[in-house]
Amino acid sequence: MLEIEIDGKKLTVPQGSTVMDAAHSVGTHIPHFCYHKKLSIAANCRMCLVEVEKAPKPLPACATPVTDGMKVHTHSDMAKKAQAGVMEFLLINHPLDCPICDQGGECQLQDLAVGYGNSTSRYQEEKRTVVGKDMGPLVSAEEMSRCIHCTRCVRFTEEIGGFQEIGMANRSEFSEIMPYLGKTVNSEISGNVIDLCPVGALTSKPFRYTTRAWELSRRKSVSPHDGLGSNLIVQVKSNEVMRVLPLENEAINECWIADRDRFSYEGLNSAERLQKPMIKFDGKWHETDWETALAYVVKGLNGVSADHGKDAIGFLTSPHSTTEELYLAQKLARSFGVNNIDYRLRRSDFSADAAQQGAQWLGSSIVELTTAKSILVVGSTQRKEQPLLASRLRQAVKKGSALNVIHVTDDALLTAVNAKLIVSPLALVNALAQVLKAVIELKSAQTAIDLAAVTVGAEAQAIAASLSGAESAAIVLGNVAQHHPAFAQLLKLAQEISALTGARFGLLAEAANSTGAELAGALPHRAAFGAAATAGLNAAAMIAAPRKAYFLLNTEVESDSYNPQAAVAAMKQAATVIALTAYKGAGLLDYADVLLPVAPFSETAGSFVNMEGKLQSFNGVVRPLGETRPAWKVLRVLGNMLGLTGFEQNSAEEVRAELLAKGSIESAFNNALGDVSINAAVTTGLVRIGEVPLYQADAICRRAPSLQKTADAAAPVATAHSSLLASLNVAAGSQALLRQGNGELKVLVEADDSLPADTVRLATAHPLTAGLGGMFDSIALSQG
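Just so it is clear, the structure is predicted and the values come from calculations on it, not from any experiment. Counting of residues starts from 1 at the beginning of each chain's written sequence and follows it residue by residue. A pLDDT threshold of at least 70 governs which residues receive local features in this predicted model, and a stricter bar of 80 or more applies before side-chain atom pairs are shown or counted, although totals over entire chains, interfaces and linings include all residues. Only heavy atoms go into the side-chain values, all of them from the structure, while hydrogens and water stay out.

### Section: unusual backbone geometry
Thought 1: Even without being glycine, His-149 reaches a positive phi, approximately 60°.
Thought 2: Whether a residue is buried, partly exposed or exposed follows from its accessible area with a 1.4 Å probe, protein chains only, as a fraction of its type maximum: under 20%, in between, or over 50%, in that order. Owing to a relative accessible area of 19%, His-149 belongs among the buried residues under this scheme.

As structure tokens, this is what we get:
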């Protein structure tokens, strides 16, 4: 520890601290532009100049290391004169167009100009102008004359985003911030440069010119997308969500949010929003009142129950629903006598259900995962599934962690990888079994799993050595592993490796409330907090053996299912399909019989449980649109109308309290499995790699126009290894015909030699591919 004095205050700070760090620790404000606590030090704006005793000139606080006995003056005459001089230089070429600038009212340059600037300028020459740049559909860079060259955006894309998409060209007064020539900014976390920009050079393109900052109300919320649980500030005007910004939470999202957290708000006011209950009869949709619609639902459920029995009804819920909604949905189903309820529509393997010992989760805190010295990620397209977590893993690698990967694609992770195994989905179990066998050989240990047919390769040995030799290690399974037809085997193998190496193991939660759905009991084999329940059918079984009635909660099966072809067919044959939904999508209008408008996260109170098991509650930030009602309230009323007991809750808080009274969240989590049969043999055949696109993952993102203009939302293209295309006489760059089950699709096919040779990569959960089958099922490819 070093002693330092700042403006007469004595304090001690760790060695290696800067004057800026020391000042922050005692609440002393030093003006700055280029400094940011999460970015490297550039010291190029010079606004943070301070006086240091015995130094011949002012020094930048952000780049000056503390020395023992240092005395600093942040408001001395020398410091103030230096800061005022820097401000004058910064304003020389600034256009001073505050009245029309989107940054007005929340601009650092504005604020500091008041404190450190002059009322008039001595500079009389013509100001320079800079031509605007095209940075894509999310970030506006049309007023680059405002730029003060702090380079925060440049450093962010390189250091946090992992790939330098923005740079500074030229020198001196000719300097310009720009993307690479002919390219736009396509990072999945690119919107953070808007927050970082201290002036109005980089602004939000969807928000631009819509309202002024001081007209907005600010309310806290939680991201409804991936399982990280990012904290948000939702800004509202006239009962409409106008903008979303990050709420700093160092343990979860730090001070960043992903682009889908930031820009998906556009989908909340989509033209497809369902604002009144609707019933289909005579092949046409008709708007109706709530009383009639609810009576129709009750009649439909009672009718199917009387004619076909309770088992003829299936409840399919979304893990993007709140914990309260999921709890009441499973309570309604089970109280009515229906045991067929599941939130896992994108799963294909449920053989772990009988062996499951607790609710599935990450297996550690997010901080513990990202500070582990060795990390193995199995079956995860990291940057698209968990954008912010992928960024934190990149930072972990910079600090010395070893990142290991077992996956079905070899996408650029924008970071150093210690070892990786890229295999066909048919060989994914074998790849993880190789690591287990290598660990056993290293540890001279034993396992009950038969690994005689497994041959260990060099990469598997490197992964095993990394996990075995690290003082802390973690194994996590991503979306691809969870959707994989052998998910139970992958989880069991991870458990065995964990037992031998001491590594933590768990799942990267796919949706905002996948973990909460486990706790709430939206499962066919476990009630809330793991309570015993009469086993019903899982999601795949409800589709494979179609039910007479389906009850859908926030679910669009054509986009949310492992096999959309089979799911839609199951809906169409049902006698009645009841949908509680915020949107009247084309799919629902085709196969549903009654639509009940329920509130998205922004219009209801509730909670999400993130992947690390933290329950985060939130309130609605705007009033429900039209005749929309909170889903928990609709479920409660249905319970009353069906004559069921236990549906007297008056608020979401009462529902949550009822659920939490059933057990302890901390003790509910357990990823361990009992006996699971492992088959590590590699089969052959042409198989599909069907991942969920970044901006098709949930209903809100699917309806956000700006997100749908990005590169990540482009129309799906099939890719395959050039050797496979040659063997099938399919020309790269041409139209190819793909067949799965009863569906076929003509689509552009391109060569990608980074893919396993016997695979075809084609996104699922997209309107253009909804007619095809399972994500990782066999597929036929021929020249179109």
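### Comments concerning the pairing of strand S1 (residues 2-6)
Thought 1: With respect to burial, S1 is a largely interior element, 4 of its 5 residues being buried.
Thought 2: Bridging between S1 and strand S2 (residues 9-13) involves 5 bridges; their strand directions are antiparallel. Paired with Ile-4 across the bridge in S2 is Leu-11.
Thought 3: Two strands qualify as a pair provided that DSSP identifies no fewer than 2 bridges between them. Strands here mean DSSP runs of E at least two residues long; helices mean DSSP runs of H or I at least four residues long; both are numbered from the N terminus. Where S1 folds back on S2, the antiparallel hairpin that results is connected by 2 residues, among which Asp-7 adopts a positive phi of roughly 50°.
Thought 4: In terms of strand pairing, S1 meets strand S5 (residues 70-73) through 3 bridges, oriented parallel. What sits directly across from Ile-4, in S5, is Met-70.

### With respect to the pattern of salt bridges
Thought 1: We count a salt bridge whenever a side-chain nitrogen from Lys or Arg sits within 4 Å of a carboxyl oxygen from Asp or Glu. The final tally for this structure, using the stated rule, is 34 salt bridges.
Thought 2: Between Asp-311 and Arg-547 there is a salt bridge, with its nearest N and O atoms 3.2 Å apart. Within this pair, whereas Asp-311 is found in the loop between helix H7 (290-308) and strand S16 (313-317), its partner Arg-547 is found in the loop between helix H17 (539-544) and strand S23 (549-553), the two being separated by 236 residues in sequence.
Thought 3: By relative accessible area, Arg-547 is classed as buried at 10%.
Thought 4: In this structure, the salt-bridge partner of Arg-346 is Asp-560, at a minimum N-O distance of 3.3 Å. Of this pair, Arg-346 sits in the loop between strand S17 (341-342) and helix H9 (366-370) while Asp-560 is found in helix H18 (residues 557-560), placing the two residues 214 residues apart along the sequence. Of the two residues, Arg-346 and Asp-560, neither departs from the other in class, the shared state being buried.
Thought 5: It is possible to trace a salt-bridge network through shared partners that takes in Glu-272, Arg-346, Glu-510, Glu-556, Asp-560, Arg-702 and Arg-703.

### Looking at the domain arrangement of the chain
Note: interface size is frequently given as the accessible area lost on complex formation between the parts.
Thought 1: Residue ranges assigned to the domains are those given by an automatic or database domain assignment. When cut into domains, the chain gives domain 1 (2-180), domain 2 (278-355 + 513-667), domain 3 (366-507) and domain 4 (687-783).
Thought 2: Between domain 1 and domain 3, the buried area comes to about 370 Å², and carbon and sulfur atoms account for 39% of it.
Thought 3: Counting across the interface, domain 1 meets domain 3 through 0 salt bridges.
Thought 4: In protein, a polar contact requires one atom able to donate a hydrogen and another able to accept it; more generally it is a pair of N or O atoms within 3.5 Å, and residues adjacent in sequence count only if both atoms are side-chain atoms. Counting every contact that joins domain 1 to domain 3 gives 5 residue pairs in polar contact (both at pLDDT 80 or more).
Thought 5: Taken together, the residues that form the side of domain 1 that touches domain 3 break down as 2 nonpolar, 2 polar and 2 charged. A simple way to read buried area is as the amount of 1.4 Å-probe accessible surface that goes missing from two parts once joined, with both sides added. Here the term charged refers only to Asp, Glu, Lys and Arg, the term nonpolar to Ala, Val, Leu, Ile, Met, Phe, Trp, Tyr, Cys and Pro, and the term polar to all other amino acids, Gly among them.

### Side note on the side chain of Ser-424
Thought 1: Checked against the element boundaries, Ser-424 lands in the loop between strand S20 (419-422) and helix H12 (428-443).
Thought 2: Only heavy atoms enter the contact rule, under which two residues are in contact if any of them lie within 4.5 Å. Excluding its chain neighbours within four sequence positions, the residues that come into contact with Ser-424 are Val-408, Val-687, Pro-756, Asp-758 and Thr-759.

### Side note on the sheet that holds strand S28 (residues 687-689)
Thought 1: Strand order in the open sheet made by the 6 strands is S28-S32-S29-S31-S30-S33, with mixed pairing throughout. With one partner strand each, in any of the chains shown, S28 and strand S33 (780-783) form the two edges of the open sheet. Recorded for the sheet is a direction-independent mean angle of 40° between the axes of neighbouring strands.
Thought 2: Relative to strand S31 (residues 743-751), strand S29 (residues 718-720) is paired through 3 bridges, and the arrangement is parallel. Among the inter-strand pairings, Thr-719 is bridged to a residue of S31, identified as Glu-750. Geometry is summarised by axes, namely lines fitted to C-alpha atoms with helices restricted to the contacting stretch, and by angles between N-to-C directions that run from 0 to 180 degrees.

### Structural notes on helix H15 (residues 487-501)
Thought 1: Here the expected span of a helix is defined as 1.5 Å times the quantity of residues minus one. The end-to-end C-alpha distance of H15 is 21 Å, a good match for the 21 Å that 15 residues give at a rise of 1.5 Å each.
Thought 2: Counted residue by residue, H15 has 13 buried out of 15 residues, so it is predominantly covered.
Thought 3: Taken from the residues just after H15, Gly-502 is the one with a positive phi, measuring 80°.

### Focus on the packing of aromatic side chains
Thought 1: Paired rings are identified among Phe, Tyr and Trp, the last through its six-membered ring, by centres lying within 6.5 Å, and are further divided according to the angle between planes into stacked (under 30 degrees), edge-to-face (over 60) and tilted (the rest). With the rule as written, the count across this model stands at 4 aromatic pairs.
Thought 2: Note on Trp-361 and Phe-669: the rings are 5.1 Å apart at their centroids and 25° apart in plane angle, and the pair reads as stacked. On the criterion of sequence distance, the pair formed by Trp-361 in the loop between S17 and H9 and Phe-669 in the loop between helix H23 (665-668) and S28 is long-range, its members being 308 residues apart.
Thought 3: Relative accessible area serves as the criterion here: at 11%, Phe-669 is assigned to the buried category.
Thought 4: A centroid spacing of 4.9 Å and a plane angle of 45° characterise the contact between Phe-608 and Phe-618, whose relative ring orientation is tilted. Here Phe-608, found in strand S26 (residues 606-609), pairs with Phe-618, found in strand S27 (residues 615-618); they are 10 residues apart in sequence, far enough to count as distant.
Thought 5: Assessed through its relative accessible area of 2%, Phe-608 is described here as buried.
Thought 6: Judged by its relative accessible area of 4%, Phe-618 falls in the buried class.
Thought 7: Seen from the ring of Phe-336, Lys-310 lies directly overhead, with NZ or CZ sitting 3.6 Å from the centre. Charge-over-ring contacts are defined here by two conditions on Lys NZ or Arg CZ: a distance within 6 Å of the ring centre and an angle within 35 degrees of the ring normal.

### Let's talk about the UniProt feature "domain: 4Fe-4S His(Cys)3-ligated-type" (unreviewed entry) in the chain
Thought 1: In this numbering, the UniProt entry assigns the feature "domain: 4Fe-4S His(Cys)3-ligated-type" (unreviewed entry) to residues 78-117.
Thought 2: Within the segment residues 78-117, helix and strand shares are 60% and 0% respectively, and the terminal C-alpha atoms sit 15 Å apart. UniProt positions are given in the numbering used here, feature names are shortened, and annotations may be inferred rather than shown by experiment.

### Things to note about the packing of H12 against helix H13 (residues 458-469)
Thought 1: Two elements in contact, H12 and H13, have axes whose closest approach is 8 Å; the angle formed by their N-to-C orientations is 55°. As summarised for this structure, H12 and H13 are arranged oblique, according to the angle between their axes. Both H12 and H13 take part in a crossing whose hand is right-handed. Contacts between H12 and H13 involve Gln-434, Val-435, Ala-438, Val-439, Leu-442 and Lys-443 from the first element and Ala-460, Gln-461, Ile-463, Ala-464, Ala-465, Leu-467 and Ser-468 from the second.
Thought 2: For the contact of H12 with H13, the residue count by class is 9 nonpolar, 3 polar and 1 charged. Oblique is the label for every angle not falling under 35 degrees (roughly parallel), over 145 degrees (roughly antiparallel), or within 65 to 115 degrees (roughly perpendicular). The handedness criterion is simple: a crossing whose near helix is rotated anticlockwise from the far helix by less than a right angle is left-handed, and one whose near helix is rotated clockwise is right-handed.

### Details of the sheet that holds S16
Thought 1: Here 7 strands make up an open sheet; going across it, the order is S15-S14-S25-S24-S23-S16-S17 and the pairing mixed. Looking at strand neighbours, the two that pair on one side only are strand S15 (284-287) and S17, the edges of this open sheet.
Thought 2: As judged from the 2 bridges shared by S16 and S17, these two strands associate in the parallel manner. Directly across from Leu-316, in S17, lies its bridge partner Asp-342.

### Remarks on the state of the cysteines
Thought 1: A pair of sulfur atoms, both from cysteines and within 2.5 Å, is called a disulfide here. Enumeration according to the criterion identifies 0 disulfides in this entry.
Thought 2: No disulfide involves Cys-45; its sulfur sits 3.7 Å from the nearest other cysteine sulfur, which is in Cys-34.
Thought 3: The thiol of Cys-101 is not disulfide-bonded; the next cysteine sulfur, from Cys-107, is found 6.2 Å away.
Thought 4: Its relative accessible area of 6% is what places Cys-101 among the buried residues.

### What to know about the UniProt feature "domain: 4Fe-4S Mo/W bis-MGD-type" (unreviewed entry) in the chain
Thought 1: Within this structure's numbering, the places UniProt gives as "domain: 4Fe-4S Mo/W bis-MGD-type" (unreviewed entry) are residues 216-272.
Thought 2: Helix makes up 9% of residues 216-272 and strand 35%, with an end-to-end C-alpha separation of 25 Å.

### Here we look at the nonpolar core
Thought 1: Among the buried residues, those of types Ala, Val, Leu, Ile, Met, Phe, Trp, Tyr and Cys that are joined through side-chain atoms within 4.5 Å form a nonpolar core. Judged by nonpolar contacts, the single largest core of 69 residues is most densely connected at Phe-33, Met-47 and Leu-202.
Thought 2: The biggest single contributor to this core is helix H2 (residues 77-92), with 5 residues.
Thought 3: When residues no more than four places from it in sequence are discounted, the contact partners of Leu-202 are Met-135, Val-139, Ser-140, Ala-141, Met-144, Cys-153, Val-193, Ile-194 and Cys-197.
Thought 4: Residues Ala-419, Val-429, Ala-433 and Ala-494 belong to the second largest nonpolar core, which totals 56 residues.

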